[in-house]
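The residues making up each chain are set out below.
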There are 2 protein chains.
Amino acid sequence: MTTPPSEDRPPGFVCPLPLQQYSQVLLAHGGGGRLMHQLIDGIFLEAFRSPALENRHDGAVLDLQGARIAFTTDSYVVRPLFFPGGDIGTLAVNGTVNDLAMCGARPLYLSAGFILEEGLPMETLWRVAQSMRDAARAAGVEFATGDTKVVDRGKGDGVFVNTAGIGLVPQGLVIQPSQVRPGDAILLSGDIGRHGIAIMAVREGLEFETPIASDCAPVAGAVQALLDGGIEVHCLRDLTRGGLASALVEIATAAGCGIQITETAIPVHEAVRGACEILGFDPLYVANEGRFVAFVAGRDAERALALLRQHPLGREASLIGRTSERDAGLVVLESRIGAARLVDMLSGEQLPRIC
Amino acid sequence: MTTPPSEDRPPGFVCPLPLQQYSQVLLAHGGGGRLMHQLIDGIFLEAFRSPALENRHDGAVLDLQGARIAFTTDSYVVRPLFFPGGDIGTLAVNGTVNDLAMCGARPLYLSAGFILEEGLPMETLWRVAQSMRDAARAAGVEFATGDTKVVDRGKGDGVFVNTAGIGLVPQGLVIQPSQVRPGDAILLSGDIGRHGIAIMAVREGLEFETPIASDCAPVAGAVQALLDGGIEVHCLRDLTRGGLASALVEIATAAGCGIQITETAIPVHEAVRGACEILGFDPLYVANEGRFVAFVAGRDAERALALLRQHPLGREASLIGRTSERDAGLVVLESRIGAARLVDMLSGEQLPRIC
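The shown structure was predicted, so the numbers you read here are calculated from the model rather than taken from an experiment.

Caption draft 1: Quick peek at the packing of aromatic side chains. In the structure shown here, the tally under the stated rule is seven aromatic pairs over all chains. Geometrically, the ring pair formed by Phe 48 of chain A and Phe 143 of chain B is stacked, given 4.1 Å between the ring centres and 20° between the ring planes. Within this pair, whereas Phe 48 of chain A is found in helix H1 (residues 34-48), its partner Phe 143 of chain B is found in strand E6 (residues 142-151), the two belonging to separate chains. An identical accessibility class is assigned to Phe 48 of chain A and Phe 143 of chain B; each is buried. Joined through ring pairs, the aromatic side chains of Phe 44 and Phe 48 of chain A together with Phe 114 and Phe 143 of chain B make up one cluster. The positively charged end of Arg 127 of chain A is found above the aromatic ring belonging to Phe 82 of chain A, 4.0 Å away from the centroid.

Caption draft 2: Spatial organisation of the pattern of salt bridges. Within this structure, the stated rule accounts for 36 salt bridges over all chains. Ionic pairing is found between Asp 147 of chain A and Lys 149 of chain A, a salt bridge with its closest N-O pair at 2.9 Å. The class of Lys 149 of chain A is buried, set by a relative accessible area of 3%. Asp 152 of chain A is paired through a salt bridge with Arg 353 of chain B; the nearest N and O atoms lie 2.8 Å apart. One end of the pair, Asp 152 of chain A, is in the loop between strand E6 (142-151) and strand E7 (159-168); the other, Arg 353 of chain B, is in the segment after strand E14 (340-343), on a second chain. Arg 353 of chain B carries the same exposure label as Asp 152 of chain A, and that label is buried. Connected through salt bridges with shared partners, the residues Arg 79, Asp 157 and Arg 353 of chain A together with Asp 152 and Lys 155 of chain B form a single ionic network.

Caption draft 3: Expanded view of empty space enclosed by the protein. Using the criterion set out here, one finds four cavities of 30 Å³ or more in the structure. Roughly 130 Å³ of internal volume is contained in the largest cavity. Together, 19 residues line the largest cavity, and Gly 30, Gly 31, Arg 241, Leu 351 and Ile 354 of chain B are the ones closest to its centre. Here the residues of the lining of the largest cavity sort into ten nonpolar, five polar and four charged. Volume-wise, the second largest cavity comes out at about 80 Å³. Surrounding the second largest cavity, Gly 31, Arg 241, Gly 242, Ser 246, Tyr 285, Ala 287, Leu 346, Gly 348, Glu 349, Gln 350, Leu 351 and Ile 354 of chain A form its lining. Here the lining of the second largest cavity is built from residues that sort into five nonpolar, five polar and two charged.

Caption draft 4: Highlighting the relation of the copies chain B and chain A. With an RMSD of 0.0 Å, the fit of chain B onto chain A corresponds to turning through 180° and sliding 0.0 Å along the axis. The transformation just described matches what one would write down for a two-fold rotation axis. The position closest to the rotation axis in chain B is occupied by the C-alpha of Gly 156 of chain B, lying 2.2 Å away. Looking at the interface residues of chain B, 99% of them are also at the interface in chain A, so both copies use one shared face.

Caption draft 5: Representation of the sheet that holds strand E9 (residues 233-238) of chain A in the model. Residues and elements named next belong to chain A. On the basis of which strands lie adjacent, the open sheet formed by seven strands has the order E9-E11-E8-E12-E10-E13-E14 and mixed pairing. Of all the strands in the sheet, the pair left with one neighbour each is E9 and strand E14 (340-343). If you compare each strand with its neighbour and ignore which way they point, the axes differ by 25° on average. Examined bridge by bridge, strand E13 (residues 331-334) and E14 share four bridges and lie antiparallel to one another. Residue pairing in the sheet places Glu 334 in a bridge with Ala 340 of E14. Running over the sheet, helix H9 (residues 301-310) touches strand E8 (185-188), strand E11 (292-296) and strand E12 (318-324) and is turned about 145° from E12.

Caption draft 6: Structural view of the environment of Val 202 of chain B. Residue and element names in this part refer to chain B. Relative to the elements of secondary structure, Val 202 occurs in helix H5 (residues 194-204). A relative accessible area of 38% places Val 202 in the partly exposed class. Considering only alpha carbons, one finds Val 202 and Arg 353, 151 residues apart in sequence, at a separation of 13 Å.

Caption draft 7: Representation of the interface of chain B and chain A within the structure. Taken together, the contacts link 96 residues of chain B with 95 residues of chain A. Together chain B and chain A conceal approximately 7,700 Å² of surface at their shared face, both sides included; 69% is due to carbon and sulfur atoms. The largest contributions to the chain B side of the interface with chain A come from Val 25, Met 122 and Trp 126 of chain B, which together make up 10% of the buried area. Connecting chain B to chain A are ten salt bridges. Our count for the chain B to chain A interface comes out at 20 residue pairs in polar contact (both at pLDDT 80 or more). Elements with a contribution of two residues or more to the side of chain B that touches chain A: helix H1 (34-48), helix H2 (51-54), strand E1 (60-64), strand E2 (67-76), strand E5 (106-117), helix H4 (122-139), E6 and strand E7 (159-168) of chain B. When grouped by side-chain class, the residues that make up the side of chain B that touches chain A number 50 nonpolar, 25 polar and 21 charged.

Calculation criteria
- Residues numbered from 1 in each chain as written.
- Chains lettered and ligands numbered in written order.
- Predicted model: local features only at pLDDT ≥ 70, side-chain atom pairs only at ≥ 80, totals over all residues.
- Heavy atoms only, no water.
- Phe/Tyr/Trp six-rings, centres within 6.5 Å; stacked < 30°, edge-to-face > 60°.
- Helix = DSSP H or I, 4+ residues; strand = E, 2+ residues; numbered from the N terminus.
- Buried < 20%, exposed > 50% of the residue type's maximum accessible area, 1.4 Å probe, protein only.
- Lys NZ or Arg CZ within 6 Å of the ring centre and 35° of its normal.
- Salt bridge = Lys/Arg side-chain N within 4 Å of Asp/Glu carboxyl O.
- 1 Å grid on protein atoms, 1.4 Å probe; cavity = no way out; pocket = protein on both sides within 12 Å on 5 of 7 lines; lining within 4 Å.
- Points joined across faces, edges and corners; volume = space filled by probe spheres on them.
- Nonpolar A, V, L, I, M, F, W, Y, C, P; charged D, E, K, R; others polar.
- Least-squares fit on C-alpha atoms with pLDDT ≥ 70 in both.
- Contact = heavy atoms within 4.5 Å.
- Pairing = 2+ DSSP bridges.
- Axes fitted to C-alpha atoms, helices over the stretch in contact; angles between N-to-C directions.
- Buried area = accessible area lost by both parts, 1.4 Å probe.
- Polar contact = N/O pair within 3.5 Å; in protein donor to acceptor, adjacent residues only side chain to side chain.

Okay, structure coming up:
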């Protein structure tokens, strides 16, 4: 612990290292990479210490009078508001529903908090609300409560949406990073990179022969298929900001396991691969909004894969790797040419405001 | 239902009246008055219809495997971030904790969603997080889950905070507008107008002989005192945006009762009254962040008042009026000079971004 460079810090201000290197918030602090984790660890976890936060999972599971309640939140600041395959409204529902699903919960209720910028066309807001309604119906959840704030022109960006979600977790089911064991199989639910590239294509005015649409979708049904099939699921993580790479590094770190994955087992559509080459992105780090990884008991690998592939959202599911005691805390990729490469978290971000 | 003036509306776009008068969101749509209610009814309730939303309460009460869970959310966009008596962090905790208390719930867990503007001093964020920690400790709640997003410089305003909260409601306790009965006593928990005036004083650079500090505080303890005392509580409402007047009009409308209140029974500190005169505000409409009204069975009025006054946050509690079958849906104020005046909701807002 040391003091920051600021001259006018309030008495008693002590900023945890390594935040003192950054006197201001950077865009990269929201990118899902190492800087974001430093910000969360150094400021929020430091201040808010609680057993639920220590789990470092997509949501908390709380015991309330015998009911096991999953609770999660996300704010959505995606730009542009509308993109091929979805909009901020579909994202705001599916993103939070998916975080509940990653806890093994059946998603039930959402809250909706809107921060509107003065001057936002009313029609835009109406379209977003309609998307949220449709996405909620598709995911089988209901809006229970909400809030609306308006900020002056130039102090927001059209509309920001926050959703919090609650769901029910079956008794005895514990799905979180600490459950990962050496020898677990790692399944990926489908091809990666479509959400990030769909957004970047709109922003950069790129046109592809086959238009790329976001993969934004609710994945609770695919998770339920695994659980109903009796698969021993240890951990789930949806691949949003920071992509597959960041999700795997987070879990390897939290679980203290090594993760070995095979590049050729990771489905990337041709158009996405091409766009990544043009834009200079690595698909492993590109955001998704309808994809997840499942860490399951090694002996269940083939059966879990078959179950996922029977689900509409899991047709391209793939067994991408295993956990082991080797290289604890690290993710190692066997590349297309057979070389071993260490997969690290990005320091900052490659795609700001992707969700 | 009719179509809006916009020329490029998407096929099938039908905007509910009277929103079609407003093709864009105005600051006043966030002010807690009639325009905000039109926006919420016309866009969000219209799209999201659910039994919980129909209650028009500060939070929803959901039955989850036998547990009665209160669930609520608010976003906080107050400007300036720091003000006498609190900051955006204390507001973000107390505001949501108070919404839970208004459902009769014991507040337990909060989520925290941050939307940071690039360039925000890290120290500011740290101070806000510390305030949130302290306020959570004081209110007896824990942070269970969170999220951080960063938007580009000029697309936010320092920091916006969303909190959602969950709490437990005792079996059999139903506190909501539909429970209000003719003959209920209406108690106000303390003096009004301090939060709004504290903020305006900073914004306008006003100095008073006695500095005015926000009343921002968690009120769950004061509510609990009423419940523990066996008071038959029918409805509770905290007095935030739109002030006492808007809260009473909302409840009169939702409950279909008439409300009669006496101006001389409403405590307003001298400094607040003076500032209101200078600024041209009516204290009835000024925001509070640690005050609530309780609708209790008429026969419990005196006992409830005594219980509130014993609580540190209720020392200036006052019996301000009654409900009746007369003037159903309306709020009538007996003024200082004995005249009857109809209290209406503000159309827009008098104090933007007060919370």
